[in-house]
Amino acid sequence: SGVVIMQNKSFFLIIPLIILASFFSACALIESGGGESNVSRSARYPNKVNSVMQNEFDQAESSFNNKKYVEAAEAYQKYLKAYPYNRLSDLAAFRLGQIHMLQRKYDTAIDQFKRLIQKTPDTKMKAQSYNKVGICYYRQNEYSKAASAFANADTNLLDPAKQAKNHGLAVFARTYLKQDVEAM
């Protein structure tokens with residue numbers, strides 16, 4: 001009987017550690033700017049991407065991947081002005097939001113992601129954007145808004161690591177909210 005109790009206590013200690021490990025590994029991935037898959041090819045856009053558009057976008061991506069965020073932001077903005085509505089313009093807008101997050105300009109990032117949510121026909125891009133909005137609010141200690149954004153993200157469209165992070169942050173946000181309500 002004593003062994004069973006000890007095993008149960010160990011189980012309850014391991015679960016929070018797993019959630020925290022998932023959270024911190026996902027945070028590291030976000031800080032590096034990585035982890036996002038490309039725009040879903042099943043969404044319908046009115047404009048096709050030609051080779052010139054693709055080359056300009058690839059240059060911006062190269063800057064982003066090399067952590068030259070100021071250069072990348074300028075290239076993405078230029079791309080969006082020249083080609084405002086195609087599958088790569090949504091990814092350019094998403095990357096701008098990520099850059100603002102990496103620069104800790106959370107309000108600007110939230111605005112960027114919200115504009116993208118309104119514009120994109122791509123449900124996966126919407127889910128990823130809501131997830132990023134939630135992360136921004138979470139980092140600003142605005143837990144009610146974070147929980148709402150996470151709830152709007154269709155987690156079935158996120159990859160498993162993001163699903164775990166989304167769930168973990170939502171649980172933490174709700175925990176903080178519950179503590180705030182209990183403190184009143």
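Here's what I pulled together on the structure shown here. (Residues numbered from 1 in each chain as written. Predicted model: local features only at pLDDT ≥ 70, side-chain atom pairs only at ≥ 80, totals over all residues. Heavy atoms only, no water.)

## A look at the overall build of the protein
Spelled out, the test is: Here a helix means four or more residues in a row that DSSP labels H or I, a strand means two or more in a row labelled E, and each is numbered from the N terminus. Buried, partly exposed and exposed residues are distinguished by accessible area as a fraction of the type maximum, computed with a 1.4 Å probe on protein chains only: under 20%, between the cut-offs, and over 50%, respectively. Residues are treated as being in contact if the distance between any of their heavy atoms lies within 4.5 Å. Surface accessibility in these figures is a Shrake-Rupley result with a 1.4 Å probe; residues are shielded only by whichever protein chains are displayed.
Counting its regular elements, the protein contains eight helices and zero strands. Ordered by position from N to C terminus, the α and β elements of the protein give α-α-α-α-α-α-α-α. Counting the 184 residues in the protein, one finds 40% classified as buried. Put simply, 62% of the contacts in the protein that link residues at least 6 apart link residues at least 24 apart. When the accessible surface of the protein is split by element, carbon and sulfur atoms take 56% of a total near 10,400 Å².

## Points about the packing of aromatic side chains
Note the following rule: Working definition: a ring pair exists when centres of Phe, Tyr or Trp rings (six-membered ring for Trp) sit within 6.5 Å. Plane angles under 30 degrees give stacked, over 60 give edge-to-face, the rest tilted.
Tallied over the entire structure, the rule returns eight aromatic pairs. Summarising the aromatic geometry, the rings of Phe-64 and Tyr-69 are spaced 5.7 Å apart at their centres and angled 65° between planes, so their arrangement reads as edge-to-face. Relative accessible area serves as the criterion here: at 16%, Tyr-69 is assigned to the buried category. Measuring from ring centre to ring centre gives 4.9 Å for Tyr-79 and Tyr-83, while their planes differ by 55°; the resulting arrangement is tilted. Its relative accessible area of 1% is what places Tyr-79 among the buried residues. Exposure remark for Tyr-83: the relative accessible area of 17% places this residue in the buried category.

## A short note on helix 6 (residues 123-139)
Our working definition: A helix is expected to span 1.5 Å multiplied by its residue count minus one. Between N or O atoms, a polar contact is any pair within 3.5 Å; within protein, one atom must be a potential hydrogen donor and the other a potential acceptor, and residues adjacent in sequence are included only when both atoms are from side chains.
With 17 residues, helix 6 should cover 24 Å at 1.5 Å per step; its first-to-last C-alpha distance of 24 Å lies within 8% of that length. Counting buried residues along helix 6, twelve of its 17 residues qualify, which places the element largely inside the surrounding structure. Every buried residue of helix 6 is listed here: Met-125, Ala-127, Gln-128, Ser-129, Asn-131, Lys-132, Val-133, Gly-134, Ile-135, Cys-136, Tyr-137 and Tyr-138. Where helix 6 begins, one side-chain oxygen reaches toward the backbone nitrogen of Lys-124, 2.9 Å away; that side chain belongs to Asp-122. Immediately downstream of helix 6, the backbone of Asn-141 shows phi near 65°, a positive value.

## Some words on the nonpolar core
Stated formally: Only buried residues count toward a nonpolar core, which is a set of Ala, Val, Leu, Ile, Met, Phe, Trp, Tyr and Cys residues joined through side-chain atoms within 4.5 Å.
Within the largest apolar cluster, 36 residues are counted, with the highest numbers of intra-cluster contacts made by Phe-57, Tyr-76, Tyr-79, Ile-99 and Val-133. Sorting the residues of this core by element identifies helix 2 (51-65), helix 3 (69-82), helix 4 (87-102), helix 5 (106-119), helix 6 and helix 7 (143-152) as the ones contributing at least two each. Broken down by element, this core gets its largest block of residues, nine residues, from helix 4. Excluding residues within four positions of it along the chain, Phe-57 makes contact with Tyr-76, Tyr-79, Leu-88, Leu-91 and Ala-92.

## A short note on the environment of Asp-154
The topology assignment puts Asp-154 in the loop between helix 7 and helix 8 (160-183). Each C-alpha atom of the pair Asp-154 and Tyr-130 lies 8.5 Å from the other, and the pair is 24 residues apart in sequence.

## Topic: the packing of helix 2 against helix 3
Stated formally: Note on definitions: angles span 0 to 180 degrees between N-to-C directions of axes, and those axes are lines fitted to C-alpha atoms, for helices only across the stretch in contact. An angle below 35 degrees is treated as roughly parallel, one above 145 as roughly antiparallel, one from 65 to 115 as roughly perpendicular, and anything else as oblique. Crossing handedness follows the turn of the near helix against the far one: under a right angle anticlockwise gives a left-handed crossing, and clockwise gives a right-handed one. Polarity classes work like this: nonpolar for Ala, Val, Leu, Ile, Met, Phe, Trp, Tyr, Cys and Pro, charged for Asp, Glu, Lys and Arg, and polar for all others, with Gly in that last group.
Taken N-terminus to C-terminus, the directions of helix 2 and helix 3 make an angle of 160°; their axes are 7 Å apart at the nearest point. Taken together, the axes of helix 2 and helix 3 lie roughly antiparallel to each other. Seen along the crossing, helix 2 lies across helix 3 with a hand that is left-handed. Where helix 2 approaches helix 3, its residues Met-53, Glu-56, Phe-57, Ala-60, Glu-61, Ser-63 and Phe-64 are matched on the opposing element by Tyr-69, Glu-71, Ala-72, Ala-75, Tyr-76 and Tyr-79. Considered class by class, the residues forming the contact of helix 2 with helix 3 number nine nonpolar, one polar and three charged.

## Topic: the pattern of salt bridges
Cut-off, in case you're wondering: Any carboxyl oxygen of Asp or Glu that lies within 4 Å of a side-chain nitrogen of Lys or Arg is treated as forming a salt bridge with it.
Evaluated as defined, the whole model comprises three salt bridges. A salt bridge links Lys-119 to Asp-90; the shortest N-O distance between them is 3.3 Å. In this pair, Lys-119 sits in helix 5 while Asp-90 sits in helix 4, placing the two residues 29 residues apart along the sequence. Judged by its relative accessible area of 29%, Lys-119 is partly exposed. Close ionic contact of Glu-142 with Lys-145 constitutes a salt bridge, the shortest N to O distance being 3.1 Å. Overall, the relative accessible area of 27% leaves Glu-142 in the partly exposed class. Accessibility expressed as a relative area gives 43% for Lys-145, which makes it partly exposed.

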